[in-house]
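Spelled out from the first residue to the last, the chains are:
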Amino acid sequence: MTLIKSISGIRGTIGGVAGNGLTPIDIVKFTAAYGAWVIEKTGIKKIVLGRDARISGEMVNNLVTGTLQGLGIEVIDLGLSTTPTVEIAVPLEQAGGGIILTASHNPKQWNALKLLNEKGEFISDADGKDVLELAERADFNFAEVNDLGKVIHNDTYLQKHIDVILELPLVDIAAIKNANFKVAIDCVNSTGGIFVPALLKALGVQTVYELYCTPDGDFPHNPEPLPENLTEIAKVVQNKNADLGIVVDPDVDRLCFVCEDGSMFGEEYTLVAVADYILKNTPGNSVSNLSSTRALRDVTEKSGGQYNASAVGEVNVVNKMKETNAIIGGEGNGGIIYPELHYGRDALVGIALFLTHLAKFGKSVSLLKSSYPTYHISKNKITLTPEMDIDALLLKVQEKYKNQPNSTIDGLKIEFDNEWVHLRRSNTEPIIRIYSEAQNETIAENLAAKIISDIKEILKLN
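Now for a description of the structure that goes with this document. Keep in mind the model is a prediction, meaning the values are calculated, not measured. (Residues numbered from 1 in each chain as written. Predicted model: local features only at pLDDT ≥ 70, side-chain atom pairs only at ≥ 80, totals over all residues. Heavy atoms only, no water.)

Thoughts on the sheet that holds strand 18 (residues 412–416)
With respect to topology, five strands assemble into an open sheet ordered 16-20-19-18-17, the strand pairing being antiparallel. Looking at strand neighbours, the two that pair on one side only are strand 16 (376–383) and strand 17 (406–407), the edges of this open sheet. With two bridges joining them, strand 17 and strand 18 adopt antiparallel strand pairing. When the sheet's bridge partners are listed, Asn406 is paired in strand 18 with Ile414. (Pairing = 2+ DSSP bridges. Helix = DSSP H or I, 4+ residues; strand = E, 2+ residues; numbered from the N terminus.)

A closer look at the nonpolar core
Core analysis: the biggest nonpolar cluster contains 58 residues, and Phe265 and Phe354 have the highest contact counts within it. Of all the elements, helix 12 (residues 347–361) adds the most residues to this core, at 10 residues. Each residue touching Phe265, except ones within four places of it in the same chain, is listed here: Phe257, Val258, Cys259, Thr270, Ala273, Phe354, Val365, Leu368, Lys369 and Tyr372. In this structure, Ile10, Ala36, Leu113 and Ala135 belong to the second largest nonpolar core, which totals 29 residues. (Core = buried A, V, L, I, M, F, W, Y, C linked by side-chain atoms within 4.5 Å. Buried < 20%, exposed > 50% of the residue type's maximum accessible area, 1.4 Å probe, protein only. Contact = heavy atoms within 4.5 Å.)

A look at the packing of helix 9 (residues 268–281) against helix 10 (residues 295–302)
Two elements in contact, helix 9 and helix 10, have axes whose closest approach is 9 Å; the angle formed by their N-to-C orientations is 5°. With respect to helix 10, the element helix 9 is oriented roughly parallel. From helix 9, Tyr269, Leu271, Val272, Ala275, Asp276 and Leu279 reach across to helix 10, where they touch Ala295, Leu296, Val299 and Thr300. Tallied by class, the residues present in the contact of helix 9 with helix 10 amount to eight nonpolar, one polar and one charged. (Axes fitted to C-alpha atoms, helices over the stretch in contact; angles between N-to-C directions. Parallel < 35°, antiparallel > 145°, perpendicular 65-115°, else oblique. Nonpolar A, V, L, I, M, F, W, Y, C, P; charged D, E, K, R; others polar.)

Some words on unusual backbone geometry
Not every positive phi belongs to a glycine, and Ala138 is a case in point at roughly 50°. Ala138 gets classed as partly exposed once you look at its relative accessible area, which sits at 45%.

Considerations on the sheet that holds strand 9 (residues 207–211)
Reading across the sheet, the four strands line up as 9-8-10-11 and stay open at both edges, with mixed pairing between neighbours. Looking at the sheet topology across the chains shown, the edges are occupied by strand 9 and strand 11 (255–258). Averaged over all neighbouring strand pairs, the angle between strand axes comes to 25°, with direction disregarded. By the bridge criterion, four bridges tie strand 10 (residues 244–248) to strand 11 in an arrangement that is antiparallel. The residue bridging Gly245 from the neighbouring strand is Val258, located in strand 11.

Some words on the side chain of Ser190
The topology assignment puts Ser190 in the loop between strand 8 (182–186) and helix 7 (192–202). Residue Ser190 is classed as buried on the basis of its relative accessible area, which comes to 0%. A polar contact of 2.8 Å, which involves the side chain of Ser190, links it to the backbone oxygen of Pro250. When near neighbours in sequence (up to four residues on either side) are disregarded, Ser190 contacts Asp52, Ala53, Thr214, Pro215, Phe219 and Pro250. (Polar contact = N/O pair within 3.5 Å; in protein donor to acceptor, adjacent residues only side chain to side chain.)

Overview of the pairing of strand 10
Judged by how many residues are buried, strand 10 sits mostly within the fold: five of five residues are covered. Side chains Leu244, Ile246 and Val248 of strand 10 all project onto a buried face; the interleaved residues Gly245 and Val247 project onto the opposite face, where all are buried too. Alignment of strand 8 against strand 10, held across four bridges, turns out to be parallel. Opposite Ala184, over in strand 10, you have Gly245 as the bridge partner. Counted along the chain from strand 10 to the antiparallel partner strand 11, the turn is six residues long, and its residue Val252 has a positive phi close to 65°.

Some points on the pattern of salt bridges
A complete count under the given rule lists 24 salt bridges for this structure. Salt-bridge contacts for Glu74 lead to Lys150; the nearest nitrogen and oxygen are separated by 3.9 Å. One end of the pair, Glu74, is in strand 4 (residues 74–80); the other, Lys150, is in the loop between helix 4 (125–137) and strand 7 (151–153), and 76 residues separate them in sequence. Residue Asp391 is joined to Arg425 by a salt bridge in which the shortest nitrogen-to-oxygen separation is 3.0 Å. Note that Asp391 is positioned in helix 14 (residues 390–400) and Arg425 in strand 19 (residues 419–425), a separation of 34 residues in sequence. With a relative accessible area of 35%, Arg425 lands in the partly exposed category. What you see here is one network of salt bridges that share partners, running through Lys114, Asp251, Asp253, Glu314, Glu331 and Arg345. (Salt bridge = Lys/Arg side-chain N within 4 Å of Asp/Glu carboxyl O.)

Notes on the pairing of strand 14 (residues 326–331)
Extensive coverage of strand 14 is indicated by the burial of five of its six residues. Bridging between strand 12 (residues 285–289) and strand 14 involves four bridges; their strand directions are parallel. For Asn285, the partnering residue across the bridge sits in strand 14 and is Ala326. Looking at chain direction, strand 14 and strand 15 (residues 335–337) are connected through three bridges and run antiparallel. Each residue of the ladder has a partner; that of Gly329, found in strand 15, is Ile337.

Focus: helix 1 (residues 24–42)
When the terminal C-alpha atoms of helix 1 are compared, their 27 Å separation across 19 residues agrees well with the 27 Å that a helix rising 1.5 Å per residue should span. Within helix 1, burial applies to Asp26, Ile27, Phe30, Thr31, Ala32, Ala33, Tyr34, Gly35, Ala36, Trp37 and Val38. (Expected span 1.5 Å × (residues − 1).)

Here's what the structure looks like:
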């Protein structure tokens, strides 16, 4: 059983011993801490709540709702929803914050409380630490019987979310409709099964082949949208002669595409393609995290904009976007952040922008992919002993490559012409993640192998 308390939320496996899994006691404790923090920080006794379709969702929802009511907080319960929908609802409801009950791409035994501030954005590092500290102190002042919070069930945000997407100037409904796309979708039996078909219909897509769109939380495959988990939709795309496949994760903040021939567009290229379309129509800057493909930088600079990299994590990407006035950003895991709508990863707006781009491109998805610089990322890790000083180790690697451009804002990233390697510690286990990218797979893997060899050599010398 696992319980991970981080600054962005609380996630864990359902069941087990309190403090060692996401048990009812843990859910109540951290919900109370967050609710108390919202009241203290904003003075607003209103929180928006939404959940994905995983099996434990109803149980967690009941515990969270009751706890917030106990604090005298009004709960706006969106029911089965998506992470970006809750993010949009928080400011529209003038709430003090929001909670999304989802463990994102994790398997069905996991659930989590994702925590938002009053802007509908993930809480900051400092705020997250305050919430965790409150939880440990357990110094809560619950409401008297006449002051208990109300629960308001609000099912209007599916349509509201779609409406604000349709109103975006760069979403061209007529172009999408005229393209007459045939689309296959895999929504992993979560809330994408409600939201994605509704969005496609609103965009004028007439032919949709639905795969795993029953929102019962019975994930038919590992819900992380990686190529090895998408073999079935690839077959559907080919068998139905669809123009593309669309895949989202359980809470609909990650997005990836399947080409018309069943090959993978690549989740790293979701952001590249959408950014290309945005930047061609609205010149500006872009941001992604240090572990994302260099192709975004190439596309941005080609359009006359400036690219910046942030530390890994959505909060960090958003902060860097605000700092550099970026008009598009996100992460290489298929996360699109389009500030014109809101500062959060949103697969739904990504779908609308990508389909507009494809309709105007007028050719196949595979040809669109081939129009971008080709890079391959190799993902590796080294397991270390818990007592190992990872910071000291990274300093020695940095010294070895001191003549190469490097960044230390999140671990160590070293650049070699058109290649790079990024080393960063895991937040949850004693490992160093090693991501490398080059223009072909062999070079990327060789680069990673060279750095791993260097690390082993340094460890021997110690």
